[in-house]
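What follows is the residue order along each chain.
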Amino acid sequence: MTESLIWWSIAIYLLVAIGIAILSRQGPAESMSGYFLGNRQMNGFVSALSYSATTYSAFMMVGLAGLTYAGGVGALGFEIIYFAGVSLVAIFGPKFWAVGKKFGFVTPSEMLGHRYNSKHVAMAVSIASCIFLVPYSAVQLAGVGYLLQGITDGAIPFTAGVLMATVIAIFFSYIAGIRSVMWTDSLQAIMMIVASTLVALLVIQGLGGFSALFDTLATERPQSLTVPGPGLFSFVTFLGLTIPWFFFSLSNPQVSQRLFMPSSLRSMRHMLIGFLVFGFIYTLVSVLWGFSALVAFPGLESADLATPTLLASTHVPPVLGVIVMIGIMAAAISTIDSIMLTLASMLSRDVYANLKTNAQPNVSEKRQLLVGKCVVPVIALMALGFAELKLDLIAVLSVAASSGLVAMVPAIIGAFYWKRGTAIGALASVVGTSAFVLLMYATGNSLLGLPAGVWGIVVASLLFVGLSLVTKPHPASRDAFFIAIAEELAKKRPKPIS
């Protein structure tokens, strides 16, 4: 695979993606809902592909393949736990959609602030999300950097790949907001699943087929097919990685914000079903990539180079290899621009507007939108700086970000299922758990032998429940919230035949 082929392929991808992004525009988006939620009119097919591309980013074909290379079959179990956690969307998705439609919520943090009648809760959730999602954005940028560096044997340096991904993500975000992101996501998702599956089958065939692949692993790398594996995983490590990952669909605002976007509950169901089919196939493909790289190229300097090395090898035809490379790069960019838009909407809606309200009531939608657009490149540059640090395995760093985001989970669950939950409990769980997780990672990520991934949900739950029990909830906002859910969902039920 030549460097010129790679650059030409990137250029063609950009031309097609930019064309789709421009066509997705439906006039200027002059409201927060229009720019960040697509006016809540996204259909099920586009929502499913976009949800998939946003969720399954560089983490999968680079991160999960690398985790499989380093830790064996335990990586499959790790990802299956996340897959099981998507069931939370079936439970909470309709409720998110109902209150979003009723009250016009743009962000998950705005929803929590309304439910607990506290601007401070909304602001705390927004700021904590920024703290943990900037490193997660950096993971996506690093994935592109490692990919281009590995596939060209260093001809395209890591920094050049990271910088290119940053510029592309900013550009897509600005064209038409979330509409351009979702439509380009759809293109990227199709490329991801078709090309990666086809090439995985070709690679396995080149290695002698499925039987030969697993016979070689069983003979030469037997620990990769056993639990706990060749040394990366232990029970505690596995638990620390999987608990935050299980709650990913609720704790990550760039994902939960998508629950406000479908045009109907029917579209949301189609989104969920499509995502589950996509995710199951893509998970198996990513794990097979990791095993194939382990057989073909044992002893790599970094496990995150497993996929780039495989793509650059003679096992993959150059044209197909470059298509997979573009798919992985596009997946990472789709996650970055989604995160940038979500964080921008949270900072403008729930931090800037709430700070200004004391001196200037009712900050206009136009002003909020302007601030949100200004924040996008700032977030991108912060992620760029973080990516340049080249920290740890991509998969492990992704989970580290999710370990902090679980601080929001008890408050989200309580918002819908525990009327006794209070603003003080929600605020303490978010702020206290975020500080606790940061302290744990700063001091070695171990307390009584358990990592932050285990402690995070425990501390957040104790703070939320304990302080809610000794403080009083705000009855007006609470009752209106639950009434709104019941009313909106009742509208969608078929009337009984009299």
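Note that the structure is predicted; figures quoted are calculated from it, not measured. (Residues numbered from 1 in each chain as written. Predicted model: local features only at pLDDT ≥ 70, side-chain atom pairs only at ≥ 80, totals over all residues. Heavy atoms only, no water.)

A.B. asks: Sorry if this is basic, but what is going on with the packing of helix H12 (residues 235–246) against helix H22 (residues 452–469) here?
C.D. replies: Helix packing geometry: the angle between the two helix axes and the distance between the axes. Running from amino to carboxyl end, H12 crosses H22 at an angle of 45°, the nearest separation of the two axes being 7 Å. Here H12 is positioned oblique relative to H22, judged by the angle of their axes. Contacts between H12 and H22 involve Leu-239, Gly-240, Ile-243 and Pro-244 from the former and Gly-453, Val-454 and Ile-457 from the latter. A breakdown of the residues in the contact of H12 with H22 according to their chemical character gives five nonpolar, two polar and no charged. (Axes fitted to C-alpha atoms, helices over the stretch in contact; angles between N-to-C directions. Helix = DSSP H or I, 4+ residues; strand = E, 2+ residues; numbered from the N terminus. Parallel < 35°, antiparallel > 145°, perpendicular 65-115°, else oblique. Contact = heavy atoms within 4.5 Å. Nonpolar A, V, L, I, M, F, W, Y, C, P; charged D, E, K, R; others polar.)

A.B. asks: Hey, could you run me through a nonpolar patch on the surface in this one?
C.D. replies: On the surface, Ile-273, Val-277, Phe-280, Ile-281 and Leu-284 cluster together into a nonpolar patch covering about 430 Å² of accessible area. Structurally, Ile-281 can be placed in helix H15 (residues 265–296). (Patch = residues over 30% accessible without salt bridge, like charges linked within 9 Å, V, L, I, M, F, W, Y side chains within 5 Å. Areas by Shrake-Rupley, 256 points an atom, 1.4 Å probe, with all protein chains shown as cover. Salt bridge = Lys/Arg side-chain N within 4 Å of Asp/Glu carboxyl O.)

A.B. asks: Hey, could you run me through the side chain of Ser-249 in this one?
C.D. replies: For Ser-249, the location among the structural elements is in helix H13 (residues 248–251). Reaching out from Ser-249, the side chain makes a polar contact with the backbone oxygen of Gly-85 at a distance of 3.5 Å. Those residues in contact with Ser-249, other than ones at most four positions away along the chain, are Tyr-51, Gly-85, Val-86, Leu-88, Val-89, Val-255 and Ser-256. (Polar contact = N/O pair within 3.5 Å; in protein donor to acceptor, adjacent residues only side chain to side chain.)

A.B. asks: Can you walk me through the packing of aromatic side chains in this structure?
C.D. replies: Any pair of aromatic rings gets described here by the distance separating the centres and the angle formed by the planes. This model, assessed by the stated rule, comprises 18 aromatic pairs. Aromatic pair Phe-83 and Phe-280: ring centres 6.3 Å apart, planes at 40°, arrangement tilted. Of this pair, Phe-83 sits in helix H5 (residues 74–85) while Phe-280 sits in helix H15, placing them 197 residues apart in sequence. Taking relative accessible area as the criterion, Phe-280 reaches 44% and is therefore assigned partly exposed. Considering the side-chain rings of Phe-92 and Phe-416, the 5.9 Å spacing of their centres and the 65° angle between planes classify their relative orientation as edge-to-face. Here Phe-416 lies in helix H20 (residues 409–417) and Phe-92 lies in helix H6 (residues 87–103), a separation of 324 residues in the sequence. Phe-416 matches Phe-92 in its accessibility class, with the two residues each being buried. (Phe/Tyr/Trp six-rings, centres within 6.5 Å; stacked < 30°, edge-to-face > 60°. Buried < 20%, exposed > 50% of the residue type's maximum accessible area, 1.4 Å probe, protein only.)

A.B. asks: Please clarify how the environment of Ala-415 should be interpreted in this entry.
C.D. replies: Take Ala-415: it is sitting in helix H20. Spatially, the C-alpha atom of Ala-415 lies 48 Å from that of Arg-221, the residues being 194 residues apart in sequence. When sequence neighbours within four positions are dropped, the list of residues in contact with Ala-415 reads Leu-112, Arg-115, Tyr-116, Phe-481 and Phe-482.

A.B. asks: Would you mind going over empty space enclosed by the protein with me for this structure?
C.D. replies: A probe matching the size of a water molecule, rolled over the atoms, marks out where space remains unfilled. One pass over the full model with this rule turns up three cavities of 30 Å³ or more. In this structure, the second largest cavity encloses a volume near 60 Å³. As for the second largest cavity, its lining consists of Pro-108, Leu-112, Val-125, Ser-129, Leu-250, Ser-251, Asn-252, Pro-253, Ser-256, Met-346, Met-408 and Ile-412. When residues of the lining of the second largest cavity are traced back to their parent elements, those giving at least two are helix H7 (108–115), helix H8 (119–151), H13 and helix H14 (253–256). Broken down by class, the residue content of the lining of the second largest cavity amounts to eight nonpolar, four polar and no charged. (1 Å grid on protein atoms, 1.4 Å probe; cavity = no way out; pocket = protein on both sides within 12 Å on 5 of 7 lines; lining within 4 Å. Points joined across faces, edges and corners; volume = space filled by probe spheres on them.)

A.B. asks: Hey, could you run me through H20 in this one?
C.D. replies: Residues separated by three or four positions in an α-helix point in the same direction, a consequence of the helix having 3.6 residues per turn. Of all the nine residues making up H20, seven are buried; the element is thus mostly covered by neighbouring parts of the structure. Turning to H20, its buried residues number three or more, namely Val-409, Pro-410, Ala-411, Ile-412, Gly-414, Ala-415 and Phe-416.

A.B. asks: Can you walk me through the side chain of Ser-126 in this structure?
C.D. replies: Looking at the secondary structure, you find Ser-126 in helix H8. Not counting residues within four places of it along the chain, the set of residues in contact with Ser-126 comprises Ser-109, Met-346, Asp-350 and Val-351.

A.B. asks: Explain the nonpolar core to me, please; I cannot follow it from the model alone.
C.D. replies: Most often, soluble globular proteins keep nonpolar side chains buried together rather than apart. In terms of nonpolar packing, the biggest core is built from 163 residues, with Trp-289, Met-325 and Phe-416 touching the most fellow members. Look past the residues within four positions of Met-325 in its chain and what remains in contact with it is Ile-6, Ile-10, Leu-147, Leu-148, Ile-151 and Leu-311. (Core = buried A, V, L, I, M, F, W, Y, C linked by side-chain atoms within 4.5 Å.)

A.B. asks: How should the layout of surface pockets be read in this particular structure?
C.D. replies: Taken as a whole, the largest pocket spans an internal volume of roughly 400 Å³. Looking at the lining of the largest pocket, the element that brings in the most residues is helix H17 (residues 318–357), giving five residues. Residue composition of the lining of the largest pocket, by class: five nonpolar, ten polar and five charged.

A.B. asks: Where do I start with the pattern of salt bridges in this structure?
C.D. replies: Any two side chains of opposite charge can pair, given that their charged atoms come close. Evaluated as defined, the whole model comprises two salt bridges. Lys-102 is the partner of Glu-487 in a salt bridge, and the nearest nitrogen-oxygen pair spans 3.7 Å. Here Glu-487 is found in helix H23 (residues 475–491), whereas its partner Lys-102 is found in helix H6, with 385 residues between them in sequence. Owing to a relative accessible area of 39%, Glu-487 belongs among the partly exposed residues under this scheme. The exposure class of Lys-102 is partly exposed, given its relative accessible area of 40%. Between Glu-110 and Arg-349 there is a salt bridge whose closest N-O contact spans 3.3 Å. Note that Glu-110 is positioned in helix H7 and Arg-349 in helix H17, a separation of 239 residues in sequence. Accessibility assignment for this pair places Glu-110 and Arg-349 in one class, buried.

A.B. asks: Where do I start with the environment of Ile-243 in this structure?
C.D. replies: Inspection of the secondary structure assignment puts Ile-243 in helix H12. A C-alpha to C-alpha distance of 10.0 Å links Ile-243 and Ala-452, two positions 209 residues apart in sequence. If sequence neighbours within four positions are ignored, Ile-243 has contacts with Gly-453, Val-454 and Ile-457.

A.B. asks: I tried to follow the packing of H5 against H15 on my own but got confused; where do I start?
C.D. replies: Put simply, H5 and H15 touch, their axes get as near as 11 Å, and they point 170° apart. One element, H5, and the other, H15, form an angle in the roughly antiparallel class. Seen from H5, the contacting residues are Leu-76, Glu-79, Tyr-82 and Phe-83; seen from H15, they are Phe-275, Leu-276, Gly-279, Phe-280, Thr-283, Leu-284 and Val-287. Its residues placed into classes, the contact of H5 with H15 shows eight nonpolar, two polar and one charged.

Distances and angles like these do not, on their own, reveal function.
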